[in-house]
Amino acid sequence: MKSNTLLKALLVSVVGFGLGGLAQAQNAKVGSVQIENAYTRATVPGQMAAGGFMKIENKGAADQLISASSPVAGEVQLHEMAMDGNVMKMRQVKDIAVPAGGSVELKPGGLHLMFMNIKAPLAAGETVPVKLKFAKAGEVEVKMPVNAMGGHGGQGPHGGAAKY
Ligand SMILES: [Cu+2]
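Cut-offs applied
- Residues numbered from 1 in each chain as written.
- Predicted model: local features only at pLDDT ≥ 70, side-chain atom pairs only at ≥ 80, totals over all residues.
- Heavy atoms only, no water.
- Donors = N, O, S within 2.8 Å, 3.2 Å for Na, K, Ca; no water.
- Tetrahedral: all angles 85-135°; square planar, octahedral: opposite > 155°, others 65-115°.
- Helix = DSSP H or I, 4+ residues; strand = E, 2+ residues; numbered from the N terminus.
- Buried < 20%, exposed > 50% of the residue type's maximum accessible area, 1.4 Å probe, protein only.
- Pairing = 2+ DSSP bridges.

### Thoughts on the coordination of the copper ion
Those protein atoms acting as donors to the copper ion are His79 (ND1), Met90 (SD), His112 (NE2) and Met114 (SD), and they sit at 2.1 to 2.3 Å. Here the copper ion is ringed by 4 donor atoms whose angles at the metal span 100 to 119°, and the overall shape comes out tetrahedral. Sequence positions of the donors to the copper ion reduce to the motif H-x10-M-x21-H-x1-M. Here Met90, found in strand β6 (residues 87-92), pairs with His112, found in strand β9 (residues 112-118); they are 22 residues apart in sequence, far enough to count as distant. Residue classification places His112 among the buried residues on the basis of a relative accessible area of 4%.

What follows is the structure in structure tokens.
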């Protein structure tokens, strides 16, 4: 009995270690929640905030993403974009619902993570570790690749991110 339990504990720790050491790039899984295609974007010096995007799939009961954190940012907030009159604004939300047996997409112009007070510019090609916390599934770390700037552009008079 006793040795059997010990063996089980050993097995669990070995398997757990193995999974942790795998460091799956932009995908990660915890409980019934799966993260896919996570990414963020390169920033320029002085830029204090950047968005984080991903698809969250849920094979289980309804869950919520309740917080996020990363060593590269002072704070990671959960944001949504919404129309305020005729102006698109973003605002902080306290959680992001992940429907039962469904998915939610964090994407430019919609729900997203917001890296605040970035400590050093995010360079294309790097990966940024982000810890996500779900109400039910618990915590999971995602390694977000940093994509090059551009694509969606900015709102400045010069069409956003300059080409360097
Ligand atoms: Cu935002």
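### Concerning the pairing of strand β5 (residues 73-84)
On a regular strand, one side chain projects to one face of the sheet and the next to the other, so that they alternate. As paired strands, β5 and β9 are joined by 6 bridges and run antiparallel to one another. By the bridge assignment, Glu75 is partnered in β9 with Met116. Strand direction decides the pairing type here: β5 and β6, joined by 6 bridges, are antiparallel. Residue His79 lies in a different strand from β6, and its bridge partner there is Gln92. Between the antiparallel neighbours β5 and β6 lie 2 residues, among them Gly85 with a positive phi of about 65°.

### Looking at unusual backbone geometry
Backbone geometry places Asn37, a non-glycine residue, at a positive phi of 50°. Relative to the helices and strands, Asn37 is located in strand β2 (residues 33-41). The residue Asn117 is not glycine, and still its phi comes out positive at about 50°. Examined against the element boundaries, Asn117 turns out to sit in strand β9.

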